[in-house]
Amino acid sequence: MKIVVIGGTGLIGTKVVNQLRQAGHQVIAASPATGINTLTGEGLAEAMKETDIVIDLANSPSFEDKAVMEFFQTAGHNLLAAEINAGVKHHVALSIVGVDIMQNIGYMRAKKVQEELIEQSGVPYTIVRSTQFLEFIAGIANQATDGNEVHLSDVLFQPIASDDVAKFVAKYALAAPLNGRVEIAGPERFEMYKIVERYLQLANDPRTVVPNGKPAYFGGEVTHSALVPAGEAEQGAINFESWWATQAVKA
Amino acid sequence: MKRTIKNESGLHAPTKTILEQERKVLLDLGNDITKVREKNDLITLFKNRIKGLFYFTHTIITLIDHKDETYYAFLLDNEGSPIRTHPRYREMVAARFSLNAPFIQAVLTSDEPVSYILEDIMDKPQSPPFLRVNYEGGVREILMTKLMKEGKPMGFIHMYSDRTDSFNPEFRGVMKGIAPQLSGAVSNIIKNEELLNKEKEKSFLLDFSSNIAAVRTKEDLMSAVRTALHKLDQKSGFVIRCINEDKTTMSAYVYDLGSAADEKSLSVLVKAKYPINDGLQNRVLNSSIPLLFNVEREIQRGITSAYLQYWKKMGFENFVGIRLRNGETNLGILLLDIEEIKIELLQGICAQISIALANIMANEQISKKQEEQAFLLDFSSALTKMRTKDELQAAIFEVLDKIMNTQLAMIRVLEDDGVHLSVFMFDRRLFGKAHADFDKLAANKIKIDETYTAQVLASKEGVVFNVDEELRSGNDYAKLWKTTGLRNMYGLPLRMGDKIIGTIWLLADFLGPLLLKGICSQITVAVANILANEKLLAYKKQLEIENDYLKEQIKTIYNFSEIIGSGESMQEVYRLMGLVAESSTTVLILGETGTGKELIARAIHNASPRKENLMVKVNCAALPANLIESELFGHERGAFTGATDRRIGKFEMADNSTLFLDEIGELPLEAQAKLLRVIQERELERVGGKQVIKINVRLVAATNRNLEEEVKAGRFRADLYFRLNVFPIILPPLRDRLEDIEALTHFFVKKYSRSTGRTIRKIAPRVIQQLRSYTWPGNVRELEHLIERSILLATDSTLSDVFIPRNADADKQEQAFLLNRSLEEVERGYIIETLKRCGGKISGTGSAAEVLQIPGNTLHSKMKKLGITKSDYFS
Ligand SMILES: NC(=O)c1ccc[n+]([C@@H]2O[C@H](COP(=O)([O-])OP(=O)(O)OC[C@H]3O[C@@H](n4cnc5c(N)ncnc54)[C@H](OP(=O)(O)O)[C@@H]3O)[C@@H](O)[C@H]2O)c1
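Predicted model only: the values in this text are computed from it and were never measured.

Colleague: I'd like a description of unusual backbone geometry, backed by residues and values.
Modeller: Although it is not a glycine, Glu50(A) adopts a positive phi angle of roughly 60 degrees. Backbone geometry at Trp776(B) places phi at a positive 50 degrees, although glycine is not the residue there. Summarising the element assignment, Trp776(B) is placed in the loop between helix H28 (765–772) and helix H29 (779–793). Classification of Trp776(B) by relative accessible area gives buried; the value is 0%.

Colleague: Explain the side chain of Ser790(B) to me, and be specific about the residues and the numbers.
Modeller: Residues and elements named next belong to chain B. Of note, Ser-790 is situated in helix H29. A distance of 2.7 Å separates the side chain of Ser-790 from the backbone oxygen of Leu-786, its partner in a polar contact. When near neighbours in sequence (up to four residues on either side) are disregarded, Ser-790 contacts Leu-799, Asp-801, Val-802 and Phe-803.

Colleague: Account for the layout of surface pockets, naming residues and giving values.
Modeller: Residues and elements named next belong to chain B. Quantified by volume, the second largest pocket comes out at close to 1,500 Å³. Around the second largest pocket sit 41 residues that line it, and Asn-244, Glu-245, Lys-273, Lys-368 and Phe-510 are the ones nearest its centre. Counting residues per element, the ones that place at least two in the lining of the second largest pocket are strand E7 (238–243), strand E8 (249–256), helix H9 (263–271), strand E12 (329–336), helix H13 (343–384), helix H14 (389–404) and helix H19 (513–557). With 10 residues, the top contributor of residues to the lining of the second largest pocket is H13. In terms of residue class, the lining of the second largest pocket is made up of 20 nonpolar, eight polar and 13 charged. Both of domain 2 (214–367) and domain 3 (385–535) provide at least three residues apiece to the lining of the second largest pocket.

Colleague: Explain the interface of chain A and chain B to me, and be specific about the residues and the numbers.
Modeller: With 22 residues of chain A at the interface, the matching set in chain B holds 20 residues. Roughly 1,600 Å² is buried in total at the junction of chain A and chain B, and carbon and sulfur atoms are behind 52% of that figure. In terms of surface lost to chain B, no three residues of chain A exceed Arg21(A), Glu46(A) and Asn85(A), which account for 33% of the buried area on that side. Where chain A meets chain B, there are one salt bridge. The shortest N-O distance in the salt bridge between Arg21(A) and Glu69(B) comes to 3.3 Å. In this structure, the connection of chain A to chain B is made through 10 residue pairs in polar contact (both at pLDDT 80 or more). Elements represented by at least two residues in the side of chain A that touches chain B include exactly strand E2 (26–30), helix H2 (44–48) and helix H3 (65–86) of chain A. Take the side of chain A that touches chain B: its biggest share by element is seven residues, from H3(A). A breakdown of the residues in the side of chain A that touches chain B according to their chemical character gives 11 nonpolar, seven polar and four charged.

Colleague: Provide a residue-level description of the site of the ligand, including the pertinent values.
Modeller: Residues and elements named next belong to chain A. Near the ligand lie 27 residues; those nearest to it are Thr-9, Asn-37, Ala-58, Tyr-107 and Lys-111. One of the backbone nitrogen or oxygen atoms of Leu-11 is found 2.9 Å away from an oxygen atom of the ligand. Tyr-107 has a polar side-chain atom sitting 2.5 Å from an oxygen atom of the ligand. Here the ligand has 930 Å² of accessible area as a free molecule, and 83% of this is covered by the chains. Among the secondary structure elements, those contributing two or more residues to the shell around the ligand are helix H1 (11–22), strand E4 (90–96) and helix H4 (106–121). No other element matches the three residues that E4 contributes to the shell around the ligand. When its residues are assigned to classes, the shell around the ligand shows 15 nonpolar, 11 polar and one charged.

Colleague: Requested: an account of the packing of aromatic side chains, with residues and values cited.
Modeller: Residue and element names in this part refer to chain B. Counting across every chain of the model gives 32 aromatic pairs over all chains. Pairing Phe-633 with Phe-651 gives two aromatic rings, centres 5.6 Å apart and planes at 20 degrees, and the pair type is stacked. Remark: Phe-651 occurs in helix H23 (residues 650–653) and Phe-633 occurs in helix H22 (residues 628–633); sequence separation between them is 18 residues. In this structure, Phe-633 and Phe-651 share a single accessibility class: buried.

Colleague: How would you sum up the side chain of Glu710(B)? Please name residues and give values.
Modeller: Along the chain, the position of Glu710(B) falls in helix H25 (residues 707–712). Setting aside anything within four residues of it in sequence, one finds Glu710(B) in contact with Arg705(B), Arg715(B) and Phe716(B).

Colleague: Residues and numbers for H1(A), please.
Modeller: Residue and element names in this part refer to chain A. Between its first and last C-alpha atoms H1 spans 17 Å; for 12 residues at 1.5 Å apiece the expected length is 16 Å, and the two agree. Looking only at H1, the buried set comprises Ile-12, Gly-13, Lys-15, Val-16, Val-17, Leu-20 and Arg-21. Gly-24 occupies a position one or two residues after H1 and carries a positive phi of about 90 degrees.

Colleague: Let's hear about the sheet that holds strand E11 (residues 318–326) of chain B: which residues, and what values?
Modeller: Residue and element names in this part refer to chain B. Overall, antiparallel pairing links the six strands, which are arranged E9-E8-E7-E12-E11-E10 in an open sheet. A strand with exactly one partner marks an edge of an open sheet, and here the two such strands are strand E9 (274–275) and strand E10 (291–294). The sheet contacts of H9 involve E8 and E9, and relative to E8 the element is tilted by about 135 degrees.

Cut-offs applied
- Residues numbered from 1 in each chain as written.
- Chains lettered and ligands numbered in written order.
- Predicted model: local features only at pLDDT ≥ 70, side-chain atom pairs only at ≥ 80, totals over all residues.
- Heavy atoms only, no water.
- Helix = DSSP H or I, 4+ residues; strand = E, 2+ residues; numbered from the N terminus.
- Buried < 20%, exposed > 50% of the residue type's maximum accessible area, 1.4 Å probe, protein only.
- Polar contact = N/O pair within 3.5 Å; in protein donor to acceptor, adjacent residues only side chain to side chain.
- Contact = heavy atoms within 4.5 Å.
- 1 Å grid on protein atoms, 1.4 Å probe; cavity = no way out; pocket = protein on both sides within 12 Å on 5 of 7 lines; lining within 4 Å.
- Points joined across faces, edges and corners; volume = space filled by probe spheres on them.
- Nonpolar A, V, L, I, M, F, W, Y, C, P; charged D, E, K, R; others polar.
- Domains from an automatic or database assignment.
- Buried area = accessible area lost by both parts, 1.4 Å probe.
- Salt bridge = Lys/Arg side-chain N within 4 Å of Asp/Glu carboxyl O.
- Near = heavy atom within 4 Å.
- Areas by Shrake-Rupley, 256 points an atom, 1.4 Å probe, with all protein chains shown as cover.
- Phe/Tyr/Trp six-rings, centres within 6.5 Å; stacked < 30°, edge-to-face > 60°.
- Expected span 1.5 Å × (residues − 1).
- Pairing = 2+ DSSP bridges.
- Axes fitted to C-alpha atoms, helices over the stretch in contact; angles between N-to-C directions.

As structure tokens, then:
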């Protein structure tokens, strides 16, 4: 099958592309770097020719509220229009668990718009909602750092390894379109400040974590359980410790 | 199999010659590369350098595409390649070969050049087909060297040989050594190509923009776009479709479908209006990026717009659609028969086209407006010439057809009752399929409160009814409308100022509001004119009928010769009439009531050259004071409250005829002034009108008043009196023409015998005697009525008795009559009366002297003194 992975050079994208190639599919890793840009439309129509499946794993280069909304709106619109014209049979996108209850956060609003565009497009689809990637813990620590302290709450957190995400995405891409959503998450649930504390400890990071009891995510207030699946979710195989072990090896 | 054995150049210490050769090749190549202009120069130069040192047949360079992990031919050896005649050569040049194959993976993972004997590898399942093709071209061995860029593989240089011993360690060493240089050269070539392309695009867009700037018309735009596309090596067609005025459809605006289009299809395609929301056009309009369409897929999707079928027939498979917009406003779309989308270029082109388009459309709008205005002017001047409905109908049908591309459904006009609307005009062709239904509906008179009419009349500029919506809401008319296949019914009020004239109904898909308004106001004026004209004609017609009838009547009753009386006083009247009749002189007829002033007036008219026209009579005493003016001079519609129609005054009606102003003495002073003016100027203005109307009227006025007295009393204008009193004719009272009584009596007896069916053969002499002795204050009219009554009361064929009134009224009248006379007059009159009553007997029994109780000779001397002769009492 011919599969186009938008954002195929990103963290998840690269992995999904490799998996699918290994499974013998003709895969195009699409990104501005490879001459395919969903914002400008460059190379898009040509890439879509004869394509069966499109997996959208792109991310906005800027996380500023307005920019991120514009990115997902325009990219989604252009990509879906091109897919419709090319007769693509399955559109898969990676979204975020709890996206609809965190609409006070700009990034979540943008992801929600992305989901809605897909649902309304008429292209058969599967939306995979994932919890945060384990690889993202460092980023969470950074955005919560004040001097030498990291201020975080006990909001529930169930991070998933990007390898697991890629596996799930590839699996759902090759399956029949659900025309609906599935949720995926890591195998363990933590209070956020604790897992970040552990991470810093393992990474020999000198910063100290200060619990603040204010559940928040990227500056936006969230409920205690906003970041974890409310119902059924598929769980990844890689837990924090084994993930860390592979990270250490790479390093 | 990969020959690792040969892969040992790096293991042995290189010989001095090899090092030198290598250095020389590198040096030369370094120099060469700076000279590379054309990408294939690189291959040629490189080959020439190596050729002198080592043996090989040809060489190519392939590049890696990371997005799908493939590699493909980039630089070819156009002279040396032995496979150029191979049937699969083209395919090989265009093909992409997977990196995910052992043949190429071995090259990627090795730091040294890798060689293969083709026979060993070419038939392995994942081996790229070019190996076999080369083998078939005589090649036996291949040496692959990878080219690296920034630590990542970017491509390969392939060396081919028709021997199996070419790639010795020296050769490999040189290849490995020059690989980085080649990589650099290839990168440069790629970068140069990109730059060149960008440059080309830029200068193309510059050219295009200066071409576009010169575009003034649709045709200019067409040729500019065509030239531009041809420059881009796009020989194929394009269409620019613009959003139509109705905002719901698009039509081809500028196009060139090349040779693929046949005339017939083209004319259909060009004329058609395609709904914007046809499932395809809207996608183009909603997309900020160009979209690539597959004709077959869109048909499969269920898009029914006919253009797809035509294109399919014309052989188009794919096309690109891009929206054209000016700022945020969509103008239309550009459809191009191309496969490859150069986004920036296309968007540059479209931005330019959009500007040109907006300009042309604005220009066209202006000239269209001008045309429309000129047309409306023509239309309006044409309409002013229309006097009949047929002419108007032809004009309206034409304008609607030519300019609005529509047909008239209906014009209804408001009737005089202000409530009903009746059919005025319609175009039957419109309802060709549903004649019967239409006729049924059209026959209905509708009222102003009918739902649709009420809405239209209440609106300022009309109402648009969507036929389908109306159909759903159960509108009976809509069923009929639907038969035309048109989408909207436009209902507009026809108004003159605030006055409603009627309604107009037009069925169409779309009508421009401005033109519609203009045309409707013209039609309003024309309809109003025609209606007024029709009314006028009807009125005239009626008058003509009346005229004929009256003429007939007059002929039978009022003959000059039928004026009875041959007495002296009447002879004088006849003489005067004879004198004046032929001329146009104003005649003033004076005489008591019932003396036959009208009869005389008619006789004068009938004896005049104007006799073919009807004499118009106005009884000035019978006119309500406030209407006198409009009665005499007419009025325009709306001149005063209640003046709902234009009215022609009696003066105008009497044009070229005679106007008989009866009872002129009763005319109020104000009207006298107006009358005077008309008599003096011989022209008039209708009340509320501005137009001066010349008239040629002969005036005959009559009164029983003493106008001189009236003038003295200030009740009658002296100047008017002088104007009227040009030729007075005084009619004697009946009592002054006793000699005519017998003849008149016979005349009336005959007349009423006829009309009552009683035959009176004889009149008793006593009756004549009685009639002669009466004073006749009501004059001839009284006599006539008396005879009529008497005939009805007669018992046989002899009129033996008449019923002369003896009532108080008569006495009073007589008294009044008497009171106005001098003693001498009274005495004279009384003596004559008495003599008449006594049959002229002066003295003796039954004589006048006896009645007067004076001696006979006293009467004789009194008669002498008063000048009473026999003729006074004998007739
Ligand atoms: N982070 C999380 O915890 C989390 C959780 C749930 C879901 N997700 C979602 O997962 C998705 C992938 O995240 P990621 O971390 O793998 O992203 P990433 O590593 O930042 O990669 C983003 C990819 O998007 C490509 N891209 C950017 N602009 C593009 C454009 N205009 N056209 C085409 N491609 C474009 C980038 O290409 P270049 O490399 O050429 O710039 C890159 O390949 C995102 O949609 C994100 O919302 C993230």
